[in-house]
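One letter stands for each residue in the lines below.
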Amino acid sequence: MTDIHRPEELIQIPHGLGPEDLKKLHYFLKLTQGFEDRLISLYKQGKIVGGVYTSRGNEAVAVGTAFALEARDVLCPMHRDLGAALVKGDPLRELMCQFLARGNSPTRGKDSNLHHGNRERNTLGMISHLGTMIPVTVGAALAEKMSGSGAVALTYIGDGGSSIGDFHEGLNFAAVQRLPFILVIENNQYAFSTPNHMQFVCERLADRALGYGIPGVQVDGTDVLAVYQATKKAVERGRRGEGPTLIETITMRLRGHSEADNFSYVPKELIEAWQAKEPVSRFENALLQRGVLKEADVQAIEERIAAELEDAAQFALDSPMADPEEAARGVFAP
Amino acid sequence: MSQVTYLEAIREGLSEEMERDPSVFLLGEDIGAYGGAFKVTAGFQERFGQQRVLDTPLAESAILGVAAGAALRGYRPVAEMQFSDFITSGFNQLVNFAAKTHYRYGEPVPMVVRCPTGGYIHGGPFHSQSTEAWFFHTPGLKLVAPSTPADAKGLMKAAIRDNNPVLYFEHKFLYRRAKGEVGGAEDVIEIGKSHTVRRGDAATIVTYGATVSLSVEAAEVVARDGSEVEVIDLRSLQPFDREAILESVQRTGRLLIVHEDTLTGGIGGEIAAVVSDQAFEYLDAPIRRVASLDTPVPFAPPMEEYFFPSAPKIEAALRELLAY
């Protein structure tokens, strides 16, 4: 386990990132955390329709990967990638309406969570079936290759999702066609209640890349800059037309699968050990130690985020649900 | 106008649309260099290049998922399932992703899935199935099943130009057996419209695919005894032409539904429900169905013959219906 207070193990700042970039990364990590705090409290008040799946422990993966993309790149966030959706430009009000099933949400209340896509932001909307979005995002990568846009396409899968067939079919397809595709495994040790040793027996999921003839790298998923750097390299490889990359990020899910899950099946010591590497505070501490941020800056950012989230939550709470008749509309495109 | 086969009509539809619209591309197993298991796309790769006629790995879920992803990025992919039977390996991509995306967040998924379908070819349990009913039950998918070269071409054009996922069921038995004239580059056949292939007032047969010609054959035999039977070729299964069916049944008072798919849970059940709901008082006899047995498709020819609808089986059902 890394001790974040030991300077020699401080997060390495990749070449090309300036203080403003670091502050942005910090903002998006904090915003993710703050947004989910708000979701949890709304859930406890019974204001959320359906389940809440937080990204506790996965924030650095979501934010670090999306930060390595450009606006033209295609992104398909999964359910623990709120941070990626935020980096890609999903407005807070829109996201809050989506979780509260409002009529003005991106899905007009027809679907929940991060199940929405947006053509202008170059995002694809996930479905609940894990793995499905791998071939779909590979298809987006194929489209970008055909159009010569130079864009790459990136999506995520969990340790559990790596067991499903679409993982293989999608990655193999992308490899054969040398597509600008990046698959990020968020290995957070548990798939709902199933621990990794019940999911696979290989040592590193990144090694599966060998079977597809593509690079596979493993990075510390609690280190937003390491995630950023690995993704950046994969993006550049994709833009050069050299094909896909598999990135395995190692982290720990620090809450239940959903808010309905008390995760009593996870040993307490394991949670405590990983808490020391909690991604948001880890990065914040590193920035404080380096002097990129001062305590007063952190406080100001927290106040700004609180105000932004208050606005978004109030907007969503004040927004009406869709008319019931909306249920019958939109099955087919005109 | 010259006569072309059903297979050539599909080929014409595909190539004309690829000429017209650069966003149309094909993907599937063995479709490029080899020209497809049935040679529908023979010569396409030389003509349109490897990128637009993409040979893929053997992976139906990837093919369908990739098609959906490319469709969301502005392309109009036409994915080939080598046999419609194999579509099950990509079922989830169709029914959960492609079918539900527009409903969920308003983005169209314009893709066509070519499904070489059906039997009468001694293909056995895994190369002869009619798979349309699985998808008929899924809101968000359109289904077409042409029975003639003209419809094969015109519906291919409609399917490619449609902004939704369209499953195009092309019947393997008809590939080289059905011949006829076809329309020109802009003769697009509207999805959802049936074609009445035989007029009559004694009874109505509603059918589609390979059983259209068998139904006409049975109707011709019965006509020798003075009963003219109307035969409606649905052409589109989802949406299907409720108006034409109801109009015909209101005139004839008798309905026989014929499909090659197995009986239970087949599309015929839904048609029967619509007619009994909306034209009950016009019916002079119970609605009858002729379909395949509720078994897997058997391999040996005598069993296969026993399994599938045939002109004599349709004729027998028709005579019972007329005598009721």
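Refer to the preceding data block for the structure.
Parameters and conventions
- Residues numbered from 1 in each chain as written.
- Chains lettered and ligands numbered in written order.
- Predicted model: local features only at pLDDT ≥ 70, side-chain atom pairs only at ≥ 80, totals over all residues.
- Helix = DSSP H or I, 4+ residues; strand = E, 2+ residues; numbered from the N terminus.
- Rg over C-alpha atoms; globule rule 2.2 N^0.38 Å.
- Contact = placed C-beta atoms within 7 Å.
- Pairing = 2+ DSSP bridges.
- Right-handed = clockwise from strand over helix to strand, strands pointing away.
- Axes fitted to C-alpha atoms, helices over the stretch in contact; angles between N-to-C directions.
- Buried ≥ 20, exposed ≤ 12 C-beta atoms within 10 Å, placed from the backbone.
- Core = buried A, V, L, I, M, F, W, Y, C linked by C-beta atoms within 7 Å.

A word on the overall build of chain A
- A count of helical and extended segments in chain A gives ten helices and seven strands.
- Its C-alpha atoms give chain A a radius of gyration of 19 Å, near enough to 20 Å, the size a compact globule of 334 residues would have.
- For chain A, the spread of C-alpha atoms along the three principal axes comes to 50 × 50 × 40 Å.
- Long-range contacts, defined as pairs at least 24 residues apart, comprise 75% of the intrachain contacts of chain A with a sequence gap of at least 6.

Some remarks on the pairing of strand E6 (residues 216-220) of chain A
All names here are of chain A.
- When E6 meets strand E7 (residues 245-250), the two strands line up parallel, connected through five bridges. Across the sheet, the residue bridging to Val219 is Thr249, located in E7.
- In this view, the connection linking E6 to its parallel neighbour E7 by way of helix H7 (residues 224-239) has right-handed handedness.

Description of the environment of A:Ala60
Residue and element names in this part refer to chain A.
- Relative to the assigned elements, Ala60 resides in helix H2 (residues 59-67).
- Taking the C-alpha atoms as reference points, Ala60 and Ala84, separated by 24 residues in sequence, lie 9.4 Å from one another.
- Apart from the residues within four sequence positions on either side, Ala60 is in contact with Leu29, Gly221, Thr222, Asp223, Val224, Val227, Pro279 and Phe283.

What to know about the environment of B:Ile87
All names here are of chain B.
- Looking at the secondary structure, you find Ile87 in the loop between strand E4 (76-80) and helix H4 (91-98).
- Separated by 28 residues in sequence, Ile87 and Cys115 have C-alpha atoms that sit 7.9 Å apart.
- In this structure Ile87 touches Glu60, Met81, Cys115 and Thr131, once residues within four positions along its chain are discounted.

Considerations on the sheet that holds strand E3 (residues 53-55) of chain B
Residue and element names in this part refer to chain B.
- Reading across from one edge, E3-E2-E4-E5-E7-E6-E12 is the order of the seven strands in this open sheet, with mixed pairing throughout. Two strands bound the open sheet, and with one partner strand each, they are E3 and strand E12 (236-238). When strand polarity is set aside, the average angle formed by the axes of neighbouring strands in this sheet is 20°.
- Helix H7 (residues 149-161) contacts strand E2 (24-28), E4, strand E5 (112-117), strand E6 (142-144) and strand E7 (166-171) of the sheet and is inclined by roughly 160° relative to E7.

Here we look at the pairing of E2(B)
All names here are of chain B.
- Most of E2 is tucked away, with five of its five residues classed as buried.
- Where burial is concerned, the two faces of E2 agree: the one with Val24, Leu26 and Gly28 and the one with Phe25 and Leu27 are both buried.
- Bridge count between E2 and E4: five bridges; the pairing is parallel. Its bridge partner lying in E4, Phe25 is registered against Pro77.
- Summarising the sheet, E2 and E3 pair through three bridges and their orientation is parallel. Along E3, the bridge assignment pairs Gly28 with Asp55.

Notes on the nonpolar core
- Residues A:Val63, B:Ala67, B:Ala68, B:Val144, B:Tyr168 and B:Leu256 are the most contacted members of the largest nonpolar core, which totals 188 residues.
- Among the elements that line this core, the one with the most residues is helix H3 (residues 60-72) of chain B, at nine residues.

Quick look at the sheet that holds strand E2 (residues 153-158) of chain A
Residue and element names in this part refer to chain A.
- The five strands lie next to each other as E1-E2-E3-E7-E6, forming an open sheet whose pairing is parallel. Both outer strands of the open sheet, strand E1 (74-76) and E6, are each paired with one neighbouring strand and no more. Strand-to-strand twist of the sheet, defined as the mean angle between neighbouring strand axes without regard to direction, takes the value 20°.
- Where strand E3 (residues 181-187) meets E7, six bridges bridge the pair, whose relative direction is parallel. By the bridge assignment, Ile185 is partnered in E7 with Glu248.
- Packed onto the sheet, H2 meets E1, E2, E3 and E7 and runs at close to 165° relative to E3.

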